[in-house]
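Summary of structural features
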Amino acid sequence: MPERLNTKRVVTESVQGADSYVVLKRATADETRTLYKLTRAMDKADDEGDKSYNAQRAFVASHVLDWNWVWENGDAMPLPKDDPGVIGKLSDQELKSIVEGLLGPDAATLKN
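In this report, the structure presented in the accompanying data block is examined. All figures in this text were calculated on a predicted structure; none of them were measured in a lab.

Side note on the overall build of the protein
Helix and strand counts for the protein come out as four helices and three strands. Order of helices (α) and strands (β) in the protein, N terminus to C terminus: β-α-β-α-α-β-α. By the burial criterion, 35% of the 112 residues in the protein qualify as buried. Put simply, of all contacts in the protein between residues at least 6 apart along the chain, 52% involve residues at least 24 apart.

So, in structure tokens, the structure goes:
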């Protein structure tokens, strides 16, 4: 019987080491388009860029369902649903791995 698969597990060994993962809620087509726009707009060093950055953080936080990520000291990172501010504490590569998990590995090179 058909079943809509709304989640996906992304291996994140390149940013969090062996056996690390993130479980993401799949983005809809409209959400994907919005995230592309937000990602491109973040390059602006103005209020629009700041708004886009904050919107992207909120979007990412709402789509991370589970992970087994840790801080440098080995303590577990809280899930974004419990602490949305954790997204702002991720490294650039950690955030990129989540965005690529949502949009695909070529997201950074895609144009309009």
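And the narrative resumes.
Some details on the side chain of Gln16
Topologically, Gln16 is positioned in helix 1 (residues 13-16). Relative accessible area serves as the criterion here: at 16%, Gln16 is assigned to the buried category. Within the local environment of Gln16, its side chain forms a polar contact with the backbone nitrogen of Val70, the two atoms lying 2.9 Å apart.

Topic: the packing of helix 3 (residues 47-63) against helix 4 (residues 92-103)
Following both chains from N to C, one finds helix 3 and helix 4 inclined at 70°, their axes separated by 11 Å at the closest point. One finds that helix 3 runs roughly perpendicular with respect to helix 4. The hand of the helix 3/helix 4 crossing is left-handed. Taking contact as the criterion, the partners of Gln56, Phe59, Val60 and His63 in helix 3 are, on helix 4, Leu95, Ile98, Val99 and Leu102. When grouped by side-chain class, the residues that make up the contact of helix 3 with helix 4 number six nonpolar, two polar and no charged.

Let's talk about the sheet that holds strand 2 (residues 21-25)
Remark on secondary structure: sheet strands pair via backbone hydrogen bonds, oriented parallel or antiparallel. On the basis of which strands lie adjacent, the open sheet formed by three strands has the order 1-2-3 and antiparallel pairing. Since the sheet does not close on itself, it has two edges, and those belong to strand 1 (7-11) and strand 3 (64-67), each with one partner. The sheet shows a mean angle of 20° between the axes of neighbouring strands, direction not considered. Across the face of the sheet, helix 3 comes into contact with strand 2 and strand 3 while running at roughly 60° to strand 3. Contacts from helix 4 reach strand 1, strand 2 and strand 3 within the one sheet, and its direction differs from that of strand 2 by about 45°.

What counts, and where the lines are drawn
Residues numbered from 1 in each chain as written. Predicted model: local features only at pLDDT ≥ 70, side-chain atom pairs only at ≥ 80, totals over all residues. Heavy atoms only, no water. Helix = DSSP H or I, 4+ residues; strand = E, 2+ residues; numbered from the N terminus. Buried < 20%, exposed > 50% of the residue type's maximum accessible area, 1.4 Å probe, protein only. Contact = heavy atoms within 4.5 Å. Polar contact = N/O pair within 3.5 Å; in protein donor to acceptor, adjacent residues only side chain to side chain. Axes fitted to C-alpha atoms, helices over the stretch in contact; angles between N-to-C directions. Parallel < 35°, antiparallel > 145°, perpendicular 65-115°, else oblique. Left-handed = near helix turned anticlockwise from the far one by under 90°. Nonpolar A, V, L, I, M, F, W, Y, C, P; charged D, E, K, R; others polar. Pairing = 2+ DSSP bridges.

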